[in-house]
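# Residue-level structure breakdown
If you want the building blocks of each chain, they are given just below.
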Amino acid sequence: MKKFNLSLTDELKGIDKKIASLINQRSRLLCKVSLIRQNKSESLADVALEKELWVVWKEELKKSNQSLVRQLYTLLNSLGYSMAEKTSSDKPFCLYPPNTPIHLNIPGPRSILQSHYTAFLCALSHEKQELGNFLINDNIIELIKLANQCGSRVSWHDNILTVQGEPRVNMDGQNLFINHSLFNFYLFLCLALGSANRVKFNSSSVLKAVNLKELQDFLPQLGARLYSIEPQSYALPARVETSGQLPSEIHLPSGLDPEFVKGLILSAPFYEKSLVVSYSGLSHQSFAHLFSVLKDAGIRMEHGEEKVITHPSQPTSFSKEITLDPFLSGFLLAMAQLSHGRVNLLGRWPRKFPPAIKVIELLRQCGIEIIIKETSITALGGSKNPDPVFDFSDIPELVPLAFPLALSACGSEKAEIILPSEEENYEIIAELLRHMGYNFTVHPMGIRILSRQKSPEKNSPWNSTGPYWTLGYCLLSFKHKGICLANPGNVTSLWPGFWKIFMNLSARPPEKKESTGDNNGKPARKRIRV
């Protein structure tokens, strides 16, 4: 009889539990369908099946808001497709870094942002260029292929980008497929705004969950119209119609995605007339980096805290060296402390870039000795035992790097992490601690780590939420050898060369002893074993 006395909250919990179970079942079934199609070299999504299922949803929920129902239906489909993408590409494997101090002396990973911005400008440049030290990841390869489809002449080999020049860019009538990079969608959408075009954008399941409603509402002010192909939807796939009639000055609402604003500023030099963009977020540190890249490329522009003016101009010169990426380099530099070794990265460290300053401050707080030179940066493992209280509230973007350092810093394994509970990384940290067998308590302002009760169960890999947390998990493996990762492939899309570095970590090579020969000064005789 107790079930009839349930409170409304308990009743909702019971229903949500059933819904979650059904969503899981549905995702697995859709995953199976997608994998069967993939084995036949067909696309993951079955358009005919989607239409049949949508008829069921419309009929069963006809009294509900059809726009919201459509968004929910699209999100649920994306769960199944995403599961199929992970299942088809990854096999779990366990991490065993060396037990001895590592000694790295390698070229460091180059800036992802600078590489991405520069690759876009190169694709539209009329000058022949060959630029080295690029970080060519999946998103940049996607950008190059999209640009070439529209008339650019760009190629790549290893970390070298080659531009043939004299592009004949024509976007009208193009059908562009955006795989995983929303920024690439923004770049080519904004590039199309400069003239009259009709462009269709399709995407993978990852981007079909992105709500473009605010952008759809704003684009008419730029003489353009964006509408989703699927009814009652605000996501990709979508068609864009542009008139090429841009106002001389644009006031962007603060609610727009900053990545769209960056795409607009990067595309503006290729418009016929000067463009004034007013936006309250221009003072953010990421825009300072963008402006630096544009000026280095020879783009004519002026900018203030809330306004940027871009004039029609061609990129004529590019920085000869892409600087080191502070985030990616930070994970390698941290290995010096975790293995009590030494890491030397060749390349120019962006000393004045705010994220780079934060990374250095974090590493030094954790006892790592940092030496910055003109063409390299070196980290030496220190012996300092930092304060067991770690405040992550001011560096939420660095938590995947900071957390493994904090967990490894204290020999007693007791630590206090300050991070507001509303932060996304708060839940990820709690999930990781639970997975690795730690005893901990949570409170609104952070997490108190007490001790480790047990090791993770064998064959129980952790499913990383993103590439930066995959890198952080690899750092944890220095303290907890043999922990397993369910989806190692997600870091390759961001940093293709990482696993090659990690799997080849080694101690200092033994010093070669010079042969002194025999007493008569003759070379020593060699024994040849057959």
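Residues numbered from 1 in each chain as written. Predicted model: local features only at pLDDT ≥ 70, side-chain atom pairs only at ≥ 80, totals over all residues. Heavy atoms only, no water.

### Details of the overall build of the protein
When helices and strands are tallied, the protein shows 15 helices and 21 strands. On the principal axes, the C-alpha backbone points of the protein span a range of 90 × 80 × 55 Å. When burial is assessed residue by residue, the protein has 47% of its 530 residues classed as buried. A separation threshold of at least 6 residues defines the contact pool for the protein, and within that pool the share at least 24 residues apart is 70%. Working note: accessible area of the protein is about 27700 Å², and carbon and sulfur atoms make up 52% of it. Computed over 59 positive and 50 negative side-chain charges, the separation of the two mean positions in the protein equals 8 Å. (Helix = DSSP H or I, 4+ residues; strand = E, 2+ residues; numbered from the N terminus. Buried < 20%, exposed > 50% of the residue type's maximum accessible area, 1.4 Å probe, protein only. Contact = heavy atoms within 4.5 Å. Areas by Shrake-Rupley, 256 points an atom, 1.4 Å probe, with all protein chains shown as cover. Lys, Arg positive; Asp, Glu negative; His and termini not counted. Charge placed at Lys NZ, Arg CZ, Asp CG, Glu CD.)

### What to know about the packing of aromatic side chains
Under the criterion given, the structure shown has 19 aromatic pairs. Among the aromatic residues, those joined into a ring-pair cluster are Phe93, Phe478, Trp495, Phe498, Trp499 and Phe502. Between the NZ or CZ atom of arginine 70 and the centre of the ring of tryptophan 54, over which it lies, the distance is 4.6 Å. When the ring centre of phenylalanine 287 is taken as reference, the NZ or CZ atom of lysine 262 above it lies at 5.6 Å. (Phe/Tyr/Trp six-rings, centres within 6.5 Å; stacked < 30°, edge-to-face > 60°. Lys NZ or Arg CZ within 6 Å of the ring centre and 35° of its normal.)

### Some remarks on the state of the cysteines
Applying the stated rule across the entire model yields one disulfide. Between the sulfur atoms of cysteine 94 and its disulfide mate cysteine 484 the distance is 1.9 Å. Between cysteine 94 and cysteine 484 the sulfur-sulfur dihedral comes to about 80°; the bridge is accordingly right-handed. Note that cysteine 94 is positioned in strand 1 (residues 93-94) and cysteine 484 in strand 21 (residues 484-485), a separation of 390 residues in sequence. Overall, cysteine 94 belongs to the partly exposed group, its relative accessible area being 31%. (Disulfide = S-S within 2.5 Å.)

### Some thoughts on the nonpolar core
Ranked by internal contacts, the top residues of the largest apolar core, which has 72 residues, are Met335, Phe392, Phe403, Ile429, Leu433, Phe498 and Phe502. When neighbours within four sequence positions are excluded, phenylalanine 403 is seen to be in contact with Phe392, Ile417, Ile429, Leu432, Leu433, Ile449, Trp469 and Leu476. Grouped together as the second largest cluster of nonpolar side chains are 71 residues, Phe120, Leu143, Leu294 and Val308 included. (Core = buried A, V, L, I, M, F, W, Y, C linked by side-chain atoms within 4.5 Å.)

### A few points about the sheet that holds strand 17 (residues 389-391)
On the basis of which strands lie adjacent, the open sheet formed by four strands has the order 17-18-20-19 and mixed pairing. Because the sheet does not close on itself, it has two edges, and the strands there are strand 17 and strand 19 (438-443). Each strand of the sheet is rotated relative to its neighbour by a mean of 20°, with strand direction disregarded. Of the strand pairs in this sheet, strand 19 and strand 20 (residues 446-452) are connected by six bridges, and their pairing is antiparallel. Along strand 20, the bridge assignment pairs histidine 443 with glycine 446. (Pairing = 2+ DSSP bridges. Axes fitted to C-alpha atoms, helices over the stretch in contact; angles between N-to-C directions.)

### Notes on unusual backbone geometry
Following leucine 236, the chain continues to proline 237 via a peptide bond in cis, the omega torsion being 5°. Inspection of the secondary structure assignment puts proline 237 in the loop between strand 8 (224-228) and strand 9 (238-243). Even without glycine at this site, aspartate 158 takes up a positive phi of about 55°. Secondary-structure assignment places aspartate 158 in the loop between strand 4 (154-157) and strand 5 (160-163).

### Focus: the pattern of salt bridges
Side chains that differ in sign of charge can pair as their charged atoms come close. All told, the structure shown has nine salt bridges when counted by the stated rule. In this structure, the salt-bridge partner of lysine 307 is glutamate 249, at a minimum N-O distance of 3.6 Å. Here glutamate 249 lies in strand 10 (residues 249-251) and lysine 307 lies in strand 13 (residues 307-310), a separation of 58 residues in the sequence. Residue glutamate 249 is classed as partly exposed on the basis of its relative accessible area of 33%. (Salt bridge = Lys/Arg side-chain N within 4 Å of Asp/Glu carboxyl O.)

### Quick notes on the layout of surface pockets
Each pocket or cavity is described by its volume, and for the second largest pocket that value is around 540 Å³. Forming the walls of the second largest pocket are 22 residues, and the residues nearest its centre are Ala45, Val47, Glu50, Lys208 and Glu230. Elements with a contribution of two residues or more to the lining of the second largest pocket: helix 2 (47-60), helix 3 (66-89) and strand 7 (196-203). Broken down by element, the lining of the second largest pocket gets its largest block of residues, four residues, from helix 2. (1 Å grid on protein atoms, 1.4 Å probe; cavity = no way out; pocket = protein on both sides within 12 Å on 5 of 7 lines; lining within 4 Å. Points joined across faces, edges and corners; volume = space filled by probe spheres on them.)

### Describing the environment of phenylalanine 287
Tracing the backbone shows phenylalanine 287 in helix 9 (residues 285-296). The buried category is assigned to phenylalanine 287, whose relative accessible area is 2%. Setting aside chain neighbours within four positions, we find phenylalanine 287 in contact with Pro258, Val261, Lys262, Ile265, Tyr279, Gly281 and Leu282.

### As for helix 12 (residues 399-409)
For helix 12, the tally of buried residues reaches nine of 11 residues, placing the bulk of the element in the interior. Among the residues making up helix 12, those that are buried are Val399, Pro400, Leu401, Ala402, Phe403, Pro404, Leu405, Ala406 and Leu407.

### Focus on the packing of helix 10 (residues 326-338) against helix 14 (residues 467-476)
It is at 10 Å that the axes of helix 10 and helix 14 come closest, and there the two elements cross at 10°. Regarding the angle of helix 10 to helix 14, the classification is roughly parallel. On the side of helix 10, the interface is formed by Phe327, Leu328, Phe331, Ala334, Met335 and Leu338, while helix 14 contributes Tyr468, Leu471, Gly472 and Leu475. Across the contact of helix 10 with helix 14, the residue classes break down as nine nonpolar, one polar and no charged. (Parallel < 35°, antiparallel > 145°, perpendicular 65-115°, else oblique. Nonpolar A, V, L, I, M, F, W, Y, C, P; charged D, E, K, R; others polar.)

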